[in-house]
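# An overview of the molecular structure
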2 protein chains.
Amino acid sequence: MQDIVKGLLKKNDKKIVLLVMDGLGGLPKEKGGKTELEAAESPNLDALATESECGLHTPIDFGITPGSAPGHLSLFGYSPIDFPIGRGVVAAMGIGFPLQAGDVAARVNFATIDEKGSITDRRAGRIPTERCAELCELLASIKIPGIELFIKPVMDYRAVVVFRGKDLSDHVQDTDPQAVGVKPLKPKPISKKGGKTAHVAAEFIAEAGKRLSDQAPANFVLTRGFAELPHIPSMQELFGLKPVAMPIYPDYKGISRLVGMDVVEGLNDLDHQATALRDQWDQYDFFFLHHKYTDSTGEDGNYDAKVSEIEKFDAFVPRITALKPDVLIVTGDHSTPSVMKSHSHHPVPFLIHADQIRPDGVREFGERACVTGLWNVIPGRLLIRLALAYADKLAKYGA
Amino acid sequence: MQDIVKGLLKKNDKKIVLLVMDGLGGLPKEKGGKTELEAAESPNLDALATESECGLHTPIDFGITPGSAPGHLSLFGYSPIDFPIGRGVVAAMGIGFPLQAGDVAARVNFATIDEKGSITDRRAGRIPTERCAELCELLASIKIPGIELFIKPVMDYRAVVVFRGKDLSDHVQDTDPQAVGVKPLKPKPISKKGGKTAHVAAEFIAEAGKRLSDQAPANFVLTRGFAELPHIPSMQELFGLKPVAMPIYPDYKGISRLVGMDVVEGLNDLDHQATALRDQWDQYDFFFLHHKYTDSTGEDGNYDAKVSEIEKFDAFVPRITALKPDVLIVTGDHSTPSVMKSHSHHPVPFLIHADQIRPDGVREFGERACVTGLWNVIPGRLLIRLALAYADKLAKYGA
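Now for a quick tour of the structure. None of the values given here were measured: they were computed from a predicted structure.

## Here we look at the overall build of chain A
- A tally of helices and strands in chain A yields 14 helices and 13 strands.
- Expected size for 399 residues packed as a compact globule is a radius of gyration near 21 Å; at 22 Å, chain A falls within 12% of this value.
- Seen along its three principal axes, the alpha-carbon backbone of chain A occupies a region of about 65 × 50 × 40 Å.
- Of all intrachain contacts in chain A linking residues separated by at least 6 positions in sequence, the fraction that spans at least 24 positions is 72%.

Here it is in structure tokens:
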């Protein structure tokens, strides 16, 4: 279906803004109660919804709980099933590492093991990023024959390792058992293709263990999310857009770069992000702003904190609308109901604001209100298509 | 998906009527106002909606603005993506020209060029159809080796040319630059396949220019929409229907013939159409009636005139319902909001009236009301499926 869009693309200067509150969708705390979004005092979002088309979207498909990367791919107009993205690739792209085709990347946790080799802390006491960088330096000189190896700090105890060489593959299992009191797993191949990479990873982990043995609490590494760089056509190529991203967290920079977005660096809060948006306004026609804390508060199970993050975001909406984007989408990449303390499969509320919207009677931005909106429940990847249509960037199909 | 239906078809005498108000879907004139359909006094359609299942349909897909041909294909039960129809084919079928497989047809405009060869009028002062027919006569004897050539008047300054011969293809660009003050384009091939046809078209255009040189204002021809006749299975074959069309305009006759409908000729208004419907009632089981002026008033940007065309149509509804069709669908082939003066991607309201419908609480035929109906937003091509189901023409699937 993307092909039909490609054949219809028209150039113009109209601007599309995509505002993502991570994990936006929620659930009531008690039966019959309100979701976090419904409970939030969000007059600006409610006013927008009144002049928007509303609905809910499924980022991946009915009943499927999205990870962050596929959730965002969907919002960027891609079918996440067609473009599986491993965690390692997201991590490497997030820190701006220039991955090449054939590279295999994996997420690294610095961790603590005891004298018997059992994990006592999967996060090595959450060492700071500076310490993480020093430890990466220590491991960067590890030599494996025929392999170029890179290890870079991400944030806190998290790093990323990249193997470059012939015949590598991402068919390798995680070594992080996601539990304490047990030993790290071996990097087993999950198919024949993964044999060489598993061997390379095992050598890396063994040598890292030696070099870190006196560096407690960070005396071991756990790896997960072995991933190859997939070929993903850019948003320029697919949708004719010139896109820029303004996220704070590295992973969202990574996924933005994967689809060809420029990324504004050095942003730390909504105020920075709004300023950056204004500063970039003339250079681009697609703008992606990401607010992380609606998800992290949801994951913490903190209903009230998630409500308050939505309210914080709401207060920042007028700075966006003041720029008068031609199309404004507000939504999330998945649901993170605080009662579940995790991502969930529930569809995610959205609104699309534009000049030529079809009014649908929705007067509040919330899950229940959006159900009664024009779009009911649609695949998340169609939001970009609707944005292109409302920005008059698609020609008529057929005579 | 059409295959599953084909295996389930049952014959009976039940009759399905499809009423199409071209470009029916609209938008409010001002924020918070009513669409054309919502503003229209349409008591008969409202009464029908109350006893119907309602919803909106996307003729092609989300965000895609349909041309007339694909919009109608969708209403006839076809995926317009699977059956792309070029303008030339629609034009040739519209005048009843017996196209054959391999023929290439193109739309022709008689136009005016100045002594430097620049276009001064793309429509040659809108010459009348009779003059157009005389000029077609003048060009019909053009000889191109190995090619049979037909040129026929359509309406006003519009004609259609058909090339018949070996190795022809529709991979040829338009020569109409869609602008005045510039020279006509050359008929360039868009792939190797189009080489021979481009050459044939160039010979035709050059010779036509010579023969027309003293026929100002119609002293040149512009061509566009080179198209081959696609193989489209008929509605008889796919849906077991015996269909008849009662449109007024040639293009809608063309698209009806493409899917195997018989076409009643010589109709000029709704009164004629209603009479023809009654006259044909015993001979067919699928009836397509087309009302053009809801679209043309929308294209003119005339909100009030579109409202009045809907009201005119409404007044004619009792003559249809008096025949007691077993299934009655009322909808449009796309939206043409008068505020946009063009086709648009907005989903189109529909109602399906039949004995065994599930009441959905909709009491008015309008965009906002249909959003709350049973079907919300569905692909347009499914309407025929629902019609077959309500006409009891589909057997149970599976034991």
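Having put the structure on the table, let's press on.
## Considerations on the interface of chain B and chain A
- The partner chain A presents 22 residues to the 33 residues of chain B that form the contact.
- Contributing elements (two or more residues each) for the side of chain B that touches chain A: α4 (68-75), α5 (87-94) and α13 (367-371) of chain B.
- Class assignment of the residues belonging to the side of chain B that touches chain A gives a composition of 17 nonpolar, 11 polar and 5 charged.

## Overview of the nonpolar core
- Counting residues in hydrophobic clusters, the biggest one holds 229 residues, and the most contacted among them are A105(A), A387(A), A105(B) and A387(B).
- In contact with A105(B), other than residues within four places in its own chain, are G88(B), V89(B), A91(B), A92(B), L99(B), V160(B), V161(B), V162(B) and A227(B).

## Quick notes on the sheet that holds strand β2 (residues 52-58) of chain A
Residues and elements named next belong to chain A.
- If you trace the 8 strands from one edge of the open sheet to the other, you get β9-β8-β10-β1-β11-β12-β2-β13, paired in mixed fashion. The open sheet has two edge strands with one neighbour each: β9 (262-263) and β13 (377-379).
- Inspection of the sheet shows β2 paired to strand β12 (residues 348-354) by 6 bridges, in the antiparallel sense. Counted as the bridge partner of L56 is P349 from β12.

## Things to note about the relation of the copies chain B and chain A
- After a rotation of 123 degrees and a shift along the axis of 0.2 Å, chain B superposes on chain A with an RMSD of 0.3 Å. The superposition operator between the copies reduces to a three-fold rotation axis.
- The two copies present different faces, since only 3% of the interface residues in chain B are matched by interface residues at the equivalent positions in chain A.

## Focus: the pairing of strand β1 (residues 16-21) of chain B
All names here are of chain B.
- Here β1 lies mainly inside the structure; 6 of its 6 residues are buried.
- Where burial is concerned, the two faces of β1 agree: the one with I16, L18 and V20 and the one with V17, L19 and M21 are both buried.
- Of the strand pairs in this sheet, β1 and strand β11 (residues 327-331) are connected by 5 bridges, and their pairing is parallel. Counterpart to L18 in the pairing with β11 is I329.

Basis of the calculations
Residues numbered from 1 in each chain as written. Chains lettered and ligands numbered in written order. Predicted model: local features only at pLDDT ≥ 70, side-chain atom pairs only at ≥ 80, totals over all residues. Helix = DSSP H or I, 4+ residues; strand = E, 2+ residues; numbered from the N terminus. Rg over C-alpha atoms; globule rule 2.2 N^0.38 Å. Contact = placed C-beta atoms within 7 Å. Nonpolar A, V, L, I, M, F, W, Y, C, P; charged D, E, K, R; others polar. Core = buried A, V, L, I, M, F, W, Y, C linked by C-beta atoms within 7 Å. Buried ≥ 20, exposed ≤ 12 C-beta atoms within 10 Å, placed from the backbone. Pairing = 2+ DSSP bridges. Least-squares fit on C-alpha atoms with pLDDT ≥ 70 in both.

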